[in-house]
Amino acid sequence: MEPIILFGIVLSLLFIGVPVGISLGLSSILFITFVSDAKLTSVAISLFGAGQHYTLLAIPFFILASSFMSTGGVAKRLINFAIACVGHFRGGLAMASVLACMMFAALSGSSPATVVAIGSIAIVGMRQVGYSKEFASGIIANAGTLGILIPPSIVMVVYASATEVSVGRMFLAGVIPGLLAGFMLMLAIYVVARIKNLPSEPWRGFSAIVKGGKEAGWGLFLIVIIMGGIYGGAFTPTEAAAVAAMYSIFIALFVYRDMGPLKGIGWVSEDDSVAARVGFNGLVYGLSFFLVWMILSFFATAGSETVTASSRAMWGGIFSVLISVFYIFKRGANIEEGIGASIAAGFKVWGRNLLLLTKLFFPALYSRETRDVMLSGTKTTLMLMFIIANALLFAHTISEERIPQMVTEWMLDVGFNWFTFLIAVNILLLLGGQFMEPSGLLLIVAPIVFPIAMELGIDPIHLGIIMVVNMEIGMITPPIGLNLFVTSAITSMSLSKVVKAATPFMLVLMLFLIIVTYVPWLSTALPYSIMGPEIINP
């Protein structure tokens, strides 16, 4: 009877329009006060524990990194790179939008951020070359959901904190399914494009891919820092999130210069000579290689006692000098100045920029645009953490009433096996995803279904990916699907039209859900080959 009362209170509050976070917290307090034998002090203890959860500390940092990556020009550079890669196929611009969403998902960990950053640019571009607004909106709404499947993912962090599984394994588990989901969406676009004779971009050659990769490289290198740092043993996922936030701030303000007082000021001015440009670019390539070398070699040799930082720096310096000289020699073949003069002129350009960075460093950090991005990220963090804290309180109440154990015993008694159990989990999450935010829903459902899954021999990492994919689909199902509202806002389309536009591609994700559910290898192969199986303590 108690479970019916508890869930009845929650559903009643949600039905009358009370926000999700308040509904979860208020229902728990009312239940503990008037129905349960638990002490009311457990409410304070549970809420305090939510703020002390080390794994959840990664969420604010990932949100901050996502905010700076979304505000800066990273999205535009990713789209250009994606168009250079796949734009020449039939329906190539739409396929490039999906590929750009996949890459931005690996930077942000957020589905709405992916829709806003990529959709606000890609939808306009697709409309200009003849795609219908409905077709473009449906693609972005669905492709944006990859933001919570391709690592790093905030939803994966929430699942790991709720079930105490490894965040690192969850991140690795999302790689193959994320790539498969993106490929399935692009394949569906290609089939539709062939039927409707949608336009394709001209093939621009491999030079365009290289150019696009160079422009997007600083943003994409964030993936290397996060994943390489975690699996190279350099830092934990929470520390990786903090590093990602700092890196994103630096790239947006001082490298890409898309915001702040440096906005619009290029590294090279029109007054610089050809020799200065060649020398500067050569030094940039050499320095970039040296930084990448030092970071990757640190990840690769983190546990070694024989490889020292000085030896890594020596070899990195040698290769960097060779790359710089080779570039200047090749590019400067048609100019009068020699290699030495080009390098000297390049150092002058570097000196001018370093002086400018020193002068505007603190003004950039405290500029109005920077403060606005920080404030936006803070608001998002407060909203999400409020929902998570109240969801943890609700999960605590469920645990106190032994509801997971009761559900486990009932399902085993009626003869559920792993196959039918996963069907039930998918149905439950698909229904719940229509009405609740993914993080809150995960924190409620995971403590209930996790013990049952362990009893039935289902892999915990596999279960996590299944739940994340369900949350993906929940982001594009009415009436609460957040991606639908975001897409509606950036396209000025009615919500009903966005829902209609997103439905055909949502069917592709439903097929993807079935594949992920019953092919565990997709989720477990990569994490277990690198980190070994997840051990769950009884």
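About the thresholds
- Going along each chain's sequence as written, the residues are numbered from 1 onward.
- Confidence filtering applies because this is a predicted model: local features only for residues at pLDDT of at least 70, side-chain atom pairs given and counted only at 80 or more, and all residues used for totals across whole chains, interfaces and linings.
- The side-chain numbers reported here are obtained from all heavy atoms of the structure, hydrogens and water having been left aside.
- Going along the chain from the N terminus, every DSSP run of H or I of four or more residues is numbered as a helix, and every run of E of two or more is numbered as a strand.
- A radius of gyration in this sense is built from C-alpha atoms; the matching globule rule multiplies 2.2 Å by the number of residues raised to 0.38.
- Accessible area is worked out with a 1.4 Å probe on protein chains only. A residue is then buried under 20% of its type maximum, exposed over 50%, and partly exposed in between.
- Salt bridges, as used here, are contacts in which a Lys or Arg side-chain nitrogen is within 4 Å of a carboxyl oxygen on Asp or Glu.
- Between the first and last residue of a helix there are one fewer steps than residues, each counted as 1.5 Å, and that sum is the expected span.
- Fitting one axis to the seven residues ending at a residue and another to the seven starting there, the bend at that residue is the angle between the two axes.
- Aromatic rings from Phe, Tyr and Trp, with only the six-membered ring used for Trp, were paired whenever their centres fell within 6.5 Å, and each pair was classed as stacked if the ring planes differed by under 30 degrees, edge-to-face if by over 60, and tilted otherwise.
- As used here, the term nonpolar core means buried Ala, Val, Leu, Ile, Met, Phe, Trp, Tyr and Cys residues forming a set that is joined through side-chain atoms within 4.5 Å.
- The contact definition used throughout considers only heavy atoms, calling two residues in contact when any of these lie within 4.5 Å.
- Here an axis means a line fitted to C-alpha atoms, over the contact stretch when the element is a helix, while the angle between two N-to-C directions is reported on a 0 to 180 degree scale.
- To sort the angles, those under 35 degrees are grouped as roughly parallel, those over 145 as roughly antiparallel, those from 65 to 115 as roughly perpendicular, and the leftovers as oblique.
- In a left-handed crossing the near helix is turned counterclockwise from the far helix by less than a right angle, and in a right-handed crossing that turn is clockwise.
- Residues are grouped as follows: Ala, Val, Leu, Ile, Met, Phe, Trp, Tyr, Cys and Pro are nonpolar; Asp, Glu, Lys and Arg are charged; all remaining types, including Gly, are polar.
- Patch rule: a residue counts if its relative accessible area is over 30% and it has no salt bridge; like charges are joined within 9 Å, and nonpolar side chains (Val, Leu, Ile, Met, Phe, Trp, Tyr) within 5 Å.
- Surface exposure here means Shrake-Rupley accessible area, sampled with a 1.4 Å probe, where a residue is shielded only by the protein chains that are shown.
- Under the convention used here, Asp and Glu are negative, Lys and Arg are positive, and both His and the chain ends fall outside the count.
- By convention, the point assigned to a charge is CZ for Arg, NZ for Lys, CD for Glu and CG for Asp.

S.K.: Explain the overall build of the protein chain here, please?
M.R.: When helices and strands are counted, the protein chain shows 24 helices and 0 strands. The C-alpha radius of gyration computed for the protein chain amounts to 25 Å, which stays within 12% of the reference 24 Å derived for 538 residues, consistent with globular compactness. For the protein chain, the C-alpha atoms occupy an extent of roughly 90 × 60 × 45 Å along the three principal directions. Evaluated residue by residue, the protein chain yields a buried proportion of 52% over its 538 residues.

S.K.: I tried to follow the pattern of salt bridges on my own but got confused; where do I start?
M.R.: A side chain with one charge can pair with a side chain of the opposite charge if their charged atoms come near. Tallied over the entire structure, the rule returns 4 salt bridges. Salt-bridge contacts for D258 lead to R77; the nearest nitrogen and oxygen are separated by 3.0 Å. Of this pair, D258 sits in the loop between α13 (237-255) and α14 (274-300) while R77 is found in helix α5 (residues 74-86), placing the two residues 181 residues apart along the sequence. Take D258 and R77: they sit in the same class, and that class is buried. Across the salt bridge formed by R204 and E201, the nearest N and O atoms sit 3.5 Å from each other.

S.K.: What is the right way to read unusual backbone geometry from this model?
M.R.: Most peptide bonds are trans, and most residues other than glycine sit at a negative phi. Going from P151 to P152, the amide bond is cis rather than trans, its omega being 0°. Assignment of secondary structure puts P152 in the loop between α8 (133-143) and α9 (154-163). In this structure, E164 takes a positive phi of about 60° despite not being glycine. For E164, the position within the fold is in the loop between α9 and α10 (167-173). For E164, a relative accessible area of 68% translates into the label exposed. At N197, a residue that is not glycine, the phi angle is positive and equals roughly 55°.

S.K.: For this particular structure, what's the right way to read helix α12 (residues 206-231)?
M.R.: Along an α-helix, residues three or four apart share an orientation, since each turn contains 3.6 residues. For α12, which comprises 26 residues, the first-to-last C-alpha distance of 31 Å sits more than 12% below the rise-based estimate of 38 Å (1.5 Å per residue). Remark: the principal bend of α12, roughly 65°, maps to G217. Taken together, the buried positions of α12 are occupied by A208, G212, A216, G219, L220, F221, L222, I225, I226, M227, G229 and I230. At the C-terminal side of α12, G233 shows a positive phi close to 80°.

S.K.: I keep staring at the packing of aromatic side chains and nothing clicks. Help me out?
M.R.: Any aromatic ring pair is given by two values, namely how distant the centres are and how the planes are angled relative to each other. In the structure shown here, the tally under the stated rule is 20 aromatic pairs. For the pair F289 and F319, a centre-to-centre distance of 6.3 Å together with 75° between the ring planes defines the contact as edge-to-face. Placement of F289 in helix α14 and of F319 in helix α15 (residues 309-331) is noted, with a sequence separation of 30 residues between them. Note on F289: relative accessible area 27%, which makes it partly exposed. Where W418 meets F419, the ring centres are 5.8 Å apart and the plane angle is 80°; that geometry is what we call edge-to-face. On the basis of relative accessible area, W418 is assigned to the partly exposed category, the value being 41%. A relative accessible area of 39% places F419 in the partly exposed class.

S.K.: Before we go on, may I ask you to explain the nonpolar core in this structure?
M.R.: Side chains that are nonpolar tend, in soluble globular proteins, to be buried together. Ranked by size, the top nonpolar core spans 139 residues in total, and within it I59, I118, Y159, F421 and M467 carry the most contacts. When near neighbours in sequence (up to four residues on either side) are disregarded, I59 contacts I154, V157, V158, L384, M385 and I388. If you look at the next biggest cluster of nonpolar residues, it comprises 13 residues, including A245, L253, M259 and A364.

S.K.: Explain the packing of α14 against α15 here, please?
M.R.: When two helices pack together, their arrangement is given by the angle between their axes and by how far apart the axes lie. With their axes 8 Å apart at the nearest point, α14 and α15 run at an angle of 155° to one another. As the angle between them shows, α14 and α15 are arranged roughly antiparallel. For the pair α14 and α15, the crossing hand works out as right-handed. By residue class, the composition of the contact of α14 with α15 is 15 nonpolar, 9 polar and 2 charged.

S.K.: Even after reading the chapter, I still don't get the packing of α12 against α13, so can you show me in this structure?
M.R.: Contact geometry for α12 and α13: axes closest at 10 Å, N-to-C directions at 165°. Classed by the angle they form, the pair α12 and α13 counts as roughly antiparallel. Judged by the sense of rotation from one axis to the other, the crossing of α12 with α13 is right-handed. Each of W218, F221, L222, I225, I226 and I230 in α12 lies in contact with α13, whose residues at this interface are P237, A240, V243, A244, Y247, S248, I251 and V255. The class makeup of the residues in the contact of α12 with α13 is 13 nonpolar, 1 polar and no charged.

S.K.: Please explain a positive patch on the surface as it appears in this structure.
M.R.: Among the surface-exposed residues, K211, K214, K330 and R331 lie close enough to one another that they form a single positively charged patch. Position of K330 relative to the elements: it lies in helix α15. The exposed category is assigned to K330, whose relative accessible area is 54%.

S.K.: Explain a nonpolar patch on the surface to me, please; I cannot follow it from the model alone.
M.R.: Among the surface-exposed residues, I22, L26, L30, F34, V35 and F386 lie close enough to one another that they form a single nonpolar patch of about 530 Å² accessible area. Ranked by residues supplied to the nonpolar patch, first place goes to helix α2 (residues 20-34) with 4 residues. Looking at the secondary structure, you find F34 in helix α2. Owing to a relative accessible area of 66%, F34 belongs among the exposed residues under this scheme.

S.K.: Would you mind showing me how to read the environment of I398 here?
M.R.: Within the secondary structure layout, I398 lies in helix α17 (residues 368-400). Among the residues examined, I398 registers a relative accessible area of 0% and is labelled buried. Expressed as a C-alpha distance, the spacing of I398 and I448, which sit 50 residues apart in the sequence, is 8.2 Å. When residues no more than four places from it in sequence are discounted, the contact partners of I398 are L6, F7, I403, P404, I444 and I448.

S.K.: Help me out: how do you make sense of α5 in this one?
M.R.: Between the first and last C-alpha of α5 there are 18 Å, a value that for 13 residues agrees with the 18 Å anticipated at 1.5 Å per step. Taking burial as the measure, the 13 residues of α5 include 10 buried ones, the bulk of the element. V74, A75, R77, L78, I79, F81, A82, I83, A84 and V86 are the residues of α5 that are buried. Contacts from the buried residues of α5 go to α4 (58-71), α6 (92-108), α7 (111-128) and α12.

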